[in-house]
Amino acid sequence: MSSLTLDGLVKRYAGTTALDDVSLEVRDGEFFTLVGPSGCGKTTTLRTVAGFESPDAGEVLFGGDSVAGVPPEERDVGVVFQQYALFPHMSVAENVAYGLRFSDDPPDRDARVAELLELVGLAGFEAREPGELSGGQQQRVALARALAPEPELLLLDEPMSALDARLRERLRREVREIQTALGVTTVYVTHDQAEALAVSDRVAVMADGRVEQVGTPEAVYREPETRFVAEFVGENNVFEGVVRDGRVDVAETSFALPAPDGRATFCVRPEALRIGEGTNRFTATVEYAEFLGEAVRVGLSWRGHDLVVRTDSVPEGEELVVGFDPEDAVVVG
Amino acid sequence: MAGSRTGRERSRRAERVAVPLAGLATAALLVVMLYYPVGTVLVEAVTRDGAPSLSPLLDVLRDPFYVGALAAAVRDPAGVPAGVGAWFVTSVADVLGALAAVPGAVLAPDRSTLGALAAAWTTFVGAFPPFGLFGFTAWQALLSTLASLALGLPGAYVLARFEFPGRQTIQSLTAVPFVLPSIMVAVGFVAAFGTNGPLNDLLRALGLPTVELLFSLEIIVLAHAFYNAPLVTRIVAAAWESVDARTVETARSLGASPLRAFRDVVAPQLAPAVATGALLTFIFTFMSFPIVLALGGLKLATVEVWLYDRVQQLALTEAAALAVLETVVSLGLTYAYLRYEDAATRGDRVASALKREPLAGLDAKRIALVGYALVVGLVFVLPLVSMLVASVTGPNGLTTRYYEFLLQRETTAATSQTKPGVAVRNSLLFGVGTLALSVPMGLVLALASLREGVASRLVGVAAMAPFAVSGVVVGLGMLQGLVFGVDVFGTRLAVGGPVAIVAAHAVGAYPFVVRNVAPLLGGLDRRLVESARALGATRARALVDIEVPLVMPGIAAGAAFAFAISIGEFDSTVILAEGSRAYTMPVAVERFLTDRTLGPATAMGSVLLVVTAASFVVIDRVGGRYRE
């Protein structure tokens, strides 16, 4: 049973198409992430689900029922924004309790507020003003506020983007834990593909208002279906050529590639490109080497291709022989 | 439980329609209070003997009295260039000749210096284009604009660049002249610069010749500067404060001298603000009424004053034609202003504003500022003080007879005469009525103007229309439309003078609410409202719970303006109160002014000043609670 269905959503703004036939199914209790570069339509999708935008075509269905024309306040969704959007004239407790004013069976407010602040690790912060809190704390309050009325659907719009890297990693784990504990169906929007891979049950990669691929983080990383996904999710080395009888010619070099005859685009991950090893071997020029701590990232140029390889140490010399095995190449089109 | 749930459901349904309903109600009020009355004037201007006709408009356009050399243009379009060219050549030659005499007179001062300067000035001021009443109106507006810039720009410099005790108080005080009742200011100027005013007393004491400023273009221009220079100061100082110090520091580090950095970096950022202030001043002074009426009379009539006179003479068709032409001009200017303001204000808070220097110390710059302070005192403080002093000064020293006169009028006046107490009561009542109408209207219009799309831009322009439509025209329209009565489905509807006056005041006041509220509302993160709605609040609830508390300072400021506008409104009130007991304090001031002596008018003006100041303080206190 899918808890949220998007069926052929189209949204146009003066001259541009923000959403171009977006269809998705989000399952009950799932942590589902929309990821893509800015302007890909992920936030517009989220805002359409929340009811802040209405689609020019297509439908949003909650549990199988269309919510067309249903105003945001009737949709039973919780929303957390990147800029927190805490009500500055209300205390932390008033912020968290705000949504309880509108529930049909109002629970004991103070108890519920305390429970939620405890959940997000801010027990005892009731009387604080939003302005006194750090960014991370404000985001926790925003999360507590969104969860207080027990929404059917939790919508998170780049909630970590304003925070520093270390805090972001901690908070995203906490969000995931809370989500798992409550079992609330969650749609998460981010431009950070690493974050998407780290927290999601499933990911939808979007570009130019379209859904490029939907799948588990592992599937999206290991089996990208399009060149865009291959390059956007993680790093990749992309080659193009014409396949004939299991071999492909790239820049006048013949590689073994198990693919049907015809034009093919294929990718090799930096970690699959190995120095001095692999069936398909070639010599490339070293352009730069970056020490990352756990590895060294080496940029190569080879006959008009910019390639990246990961190694253990900074290579010596100006040239490097690298190679890959045919089964590590992923054909994306 | 079930009962309370249906109750909740019912109130939610009510909330859901609240915002659209408020929008409709506001639109309806605008139609009744603004568009319909002004529309009746428009129709009057294109009707003759009950049939549609352009002849009333053409009559005005063909009349040299109104449009001067342009009249020939309407009759004989080919003949214009010669007439305009001739004017241009002679007046430019006159002005240049007069100005050429100035350097010599100043360099070699002798007894004729003052005379020569005065002659040059008279030639310059008199060189207005030969375009009749419209030409003169534009000319005095242009001179007033120049005077306001000359008086206002140094103020912006001082407020933006220097730190001194009381700076913020002075900065807030710059809002005050704008809402001071103009008829009261006129009385103040008569008291200060009249034949026996303190200025001439001083000149006499110094053995200098006295000046006769009453009923002169100069005093009109000066009074206009009183109103509009603080406006220029406010707008330009705000722009100056938003100049990012880092841009200046960058220019300096690249090798620019302080002066050069000002010219290349600061001045271009101030230019839009200066232009905005100038355009606004021109619009206001083009339509200025009580100042010109009281200080210039019919001799120096502008379009607005002449329009009022036509109404008084019951030449309503001619008045309507004039009103339409005037509105076309001012609407065009206002449209230009709104377009320009839109482009000019980006309104970003700057990370690092320019540092102010202390004012203490003594150098050439600061001595010049002392001179400026004296001029400010002369223009802004002297008229008000003179009015207060004149109200307690008789031919034989201190006296309370003018106030006694007011009290006596109160008890013994015939019904047709003006009673001060009634005027005070009416003013306060109308002020409260104006608040009740204009604050909700302004809030709704501010909301509407912030939505995206063509419709909202139309709302934005429509909401600002009262800036462009003169009070006399609104008053005339209401008189003809609502007060005389309208046939609606066979029933004759007519509203009383007081209702019409409150409506006219609300029309003049709500744009100030919009202008105070809209920027704050627009600055709110839309996600605040979206968060509230996702949490279950209807649009109306989100407005009440989130937006209204957060823009309360703007609402309070808008309300203070609205009340002050109502208390001081003269243009439409004087028309609507004619022959009724619905007169207000400003109308009472004008009625006492037309009597032989200045005393009762200054006394009534002082009462008006006290009431205005007191209400401003009260509203500021009430609103101040939200200012944190």
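Coordinates for the structure precede this section.
This report concerns the structure included in the present document. (Residues numbered from 1 in each chain as written. Chains lettered and ligands numbered in written order. Predicted model: local features only at pLDDT ≥ 70, side-chain atom pairs only at ≥ 80, totals over all residues. Heavy atoms only, no water.)

**Remarks on the sheet that holds strand β17 (residues 296-302) of chain A**
- On the basis of which strands lie adjacent, the open sheet formed by five strands has the order β15-β19-β16-β17-β18 (chain A) and antiparallel pairing. Of all strands in the sheet, those bounded by a partner on one side alone are β15 (274-275) and β18 (305-311) of chain A. (Pairing = 2+ DSSP bridges. Helix = DSSP H or I, 4+ residues; strand = E, 2+ residues; numbered from the N terminus.)

**What about the pattern of salt bridges?**
Residues and elements named next belong to chain A.
- In this structure the tally under the stated criterion is 28 salt bridges over all chains.
- In this structure, Glu-158 and Lys-42 form a salt bridge, with 3.6 Å as the shortest nitrogen-oxygen distance. Of this pair, Glu-158 sits in the loop between β7 (153-157) and α5 (165-182) while Lys-42 sits in helix α1 (residues 42-50), and the two are 116 residues apart along the sequence. The exposure classification of Glu-158 matches that of Lys-42, with both residues buried.
- Two residues, Arg-168 and Glu-195, come together in a salt bridge whose shortest N-O distance is 3.9 Å. Here Glu-195 lies in helix α6 (residues 193-199) and Arg-168 lies in helix α5, a separation of 27 residues in the sequence.
- The buried category is assigned to Glu-195, whose relative accessible area is 3%.
- Overlapping salt bridges bring together Arg-227, Glu-231, Glu-240 and Arg-263 as one network. (Salt bridge = Lys/Arg side-chain N within 4 Å of Asp/Glu carboxyl O. Buried < 20%, exposed > 50% of the residue type's maximum accessible area, 1.4 Å probe, protein only.)

**Considerations on the layout of surface pockets**
- Here the second largest pocket is characterised by a volume of approximately 1700 Å³.
- Lining the second largest pocket are 50 residues; nearest its centre among them are Leu-447, Leu-450, Arg-451, Glu-452 and Arg-539 of chain B.
- Contributions of two or more residues to the lining of the second largest pocket are made by β1 (2-13) and α1 of chain A together with α1 (2-45), α20 (420-449), α21 (454-468), α23 (497-523), α24 (526-534) and α25 (539-550) of chain B.
- Of all the elements, α1 of chain B adds the most residues to the lining of the second largest pocket, at seven residues. (1 Å grid on protein atoms, 1.4 Å probe; cavity = no way out; pocket = protein on both sides within 12 Å on 5 of 7 lines; lining within 4 Å. Points joined across faces, edges and corners; volume = space filled by probe spheres on them.)

**Considerations on a negative patch on the surface**
Residues and elements named next belong to chain A.
- Taken together, the side chains of Asp-7, Asp-21, Glu-25 and Glu-59 define an acidic patch exposed on the protein surface.
- Looking at where Glu-59 falls in the secondary structure, it is placed in strand β4 (residues 57-62).
- Residue classification places Glu-59 among the partly exposed residues on the basis of a relative accessible area of 32%. (Patch = residues over 30% accessible without salt bridge, like charges linked within 9 Å, V, L, I, M, F, W, Y side chains within 5 Å. Areas by Shrake-Rupley, 256 points an atom, 1.4 Å probe, with all protein chains shown as cover. Lys, Arg positive; Asp, Glu negative; His and termini not counted. Charge placed at Lys NZ, Arg CZ, Asp CG, Glu CD.)

**Brief notes about helix α7 (residues 132-161) of chain B**
- With 30 residues, α7 of chain B extends 43 Å between its outermost C-alpha atoms, agreeing within 8% with the 44 Å of an ideal straight helix rising 1.5 Å per residue.
- Of all 30 residues in α7 of chain B, 21 are buried; the element is thus mostly enclosed. (Expected span 1.5 Å × (residues − 1).)

**Some details on the sheet that holds β7 of chain A**
Residues and elements named next belong to chain A.
- If you walk across this open sheet you meet the six strands as β6-β7-β8-β3-β9-β10, and the pairing is mixed. The sheet is open, and its two edges are formed by β6 (77-80) and β10 (210-215), each paired on a single side. Neighbouring strand axes in the sheet, compared pairwise and without regard to direction, differ in orientation by 15° on average.
- Summarising the sheet, strand β3 (residues 31-35) and strand β8 (residues 185-190) pair through five bridges and their orientation is parallel. In the sheet register, Phe-32 faces β8, and the bridge partner there is Val-187.
- With respect to the sheet, α1 is in contact with β3, β6, β7, β8 and β9 (202-207), its orientation differing from that of β7 by roughly 150°. (Axes fitted to C-alpha atoms, helices over the stretch in contact; angles between N-to-C directions. Contact = heavy atoms within 4.5 Å.)

**Quick notes on unusual backbone geometry**
Residue and element names in this part refer to chain A.
- At Asp-21, a residue that is not glycine, the phi angle is positive and equals roughly 60°.
- Looking at the secondary structure, you find Asp-21 in strand β2 (residues 16-27).
- According to the relative accessible area criterion, Asp-21 is partly exposed, its value standing at 49%.
- Of note, the phi angle at Arg-303 is positive, near 50°, even though the residue is not glycine.

**Quick notes on the packing of helix α10 (residues 182-193) of chain B against helix α12 (residues 217-241) of chain B**
All names here are of chain B.
- As a packed pair, α10 and α12 sit with axes 11 Å apart at the nearest point and diverge in direction by 130°. Considering the angle they form, α10 stands oblique to α12. The two elements α10 and α12 meet at a crossing, and its hand is right-handed. Facing α10, whose interface residues are Ser-182, Val-185, Phe-189 and Phe-193, α12 presents Ile-219, Leu-222, Ala-223, Phe-226 and Tyr-227. (Parallel < 35°, antiparallel > 145°, perpendicular 65-115°, else oblique. Left-handed = near helix turned anticlockwise from the far one by under 90°.)

**Structural notes on the interface of chain A and chain B**
- Chain A puts 28 residues into the contact, and the matching count from chain B is 25 residues.
- Taken over both partners, the interface formed by chain A and chain B buries close to 2300 Å², and the fraction arising from carbon and sulfur atoms is 56%.
- If you look at where chain A meets chain B, you find three salt bridges.
- Between Glu-73 of chain A and Arg-533 of chain B there is a salt bridge whose closest N-O contact spans 2.6 Å. (Buried area = accessible area lost by both parts, 1.4 Å probe.)

**A few points about empty space enclosed by the protein**
All names here are of chain B.
- Counted according to the given criterion, the structure contains three cavities of 30 Å³ or more.
- In this structure, the largest cavity occupies an estimated 760 Å³ of space.
- Surrounding the largest cavity, 34 residues form its lining, Ser-182, Phe-284, Ile-565, Glu-569 and Asp-571 being those nearest its centre.
- The biggest single contributor to the lining of the largest cavity is α23, with four residues.

**Topic: the environment of Leu-155 of chain A**
Residue and element names in this part refer to chain A.
- Counting through the fold element by element, Leu-155 comes out in strand β7.
- Accessibility expressed as a relative area gives 0% for Leu-155, which makes it buried.
- Leu-155 sits 12 residues away from Leu-143 along the chain, and the two C-alpha atoms are 9.9 Å apart.
- Every residue in contact with Leu-155, bar those within four places of it in the chain, is listed here: Leu-46, Val-49, Ala-50, Val-77, Gly-78, Val-79, Val-80 and Val-187.

**Here we look at the pairing of strand β12 (residues 247-250) of chain A**
Residue and element names in this part refer to chain A.
- A one-sided burial pattern is seen for β12, the buried positions being Val-248 and Val-250 and the unburied ones Arg-247 and Asp-249.
- Both strand β11 (residues 237-244) and β12 contribute to a ladder of three bridges, which runs antiparallel. Looking at the pairing, Arg-244 lines up with Arg-247 of β12.
- In textbook terms, the turn of a hairpin is the stretch between consecutive antiparallel strands, and for β11 and β12 this stretch comprises two residues, one of which, Asp-245, has a positive phi near 50°.
- Here four bridges tie β12 to strand β13 (residues 253-256), and the two strands are oriented antiparallel to one another. Considered in β13, the bridge of Asp-249 is made with Ser-254.
- Turn length for the β12-β13 hairpin, with the two strands adjacent in sequence and antiparallel, is two residues, and the turn residue Ala-251 shows positive phi of about 45°.

**Notes on the packing of aromatic side chains**
- Counted according to the given criterion, the structure contains 26 aromatic pairs over all chains.
- Measuring from ring centre to ring centre gives 5.4 Å for Phe-189 of chain B and Phe-193 of chain B, while their planes differ by 45°; the resulting arrangement is tilted. Of the two residues, Phe-189 of chain B and Phe-193 of chain B both sit in helix α10, four residues apart, roughly one turn of that helix.
- Taken together, the ring pairs connect Phe-239, Phe-255, Phe-266, Phe-282, Trp-302 and Phe-324 of chain A into an aromatic cluster.
- A cation over an aromatic ring shows up here: Arg-128 of chain A above the ring of Phe-125 of chain A, its NZ or CZ 4.5 Å from the ring centre.
- Against the face of Phe-87 of chain A rests Arg-145 of chain A, its NZ or CZ located 4.4 Å from the ring centre. (Phe/Tyr/Trp six-rings, centres within 6.5 Å; stacked < 30°, edge-to-face > 60°. Lys NZ or Arg CZ within 6 Å of the ring centre and 35° of its normal.)

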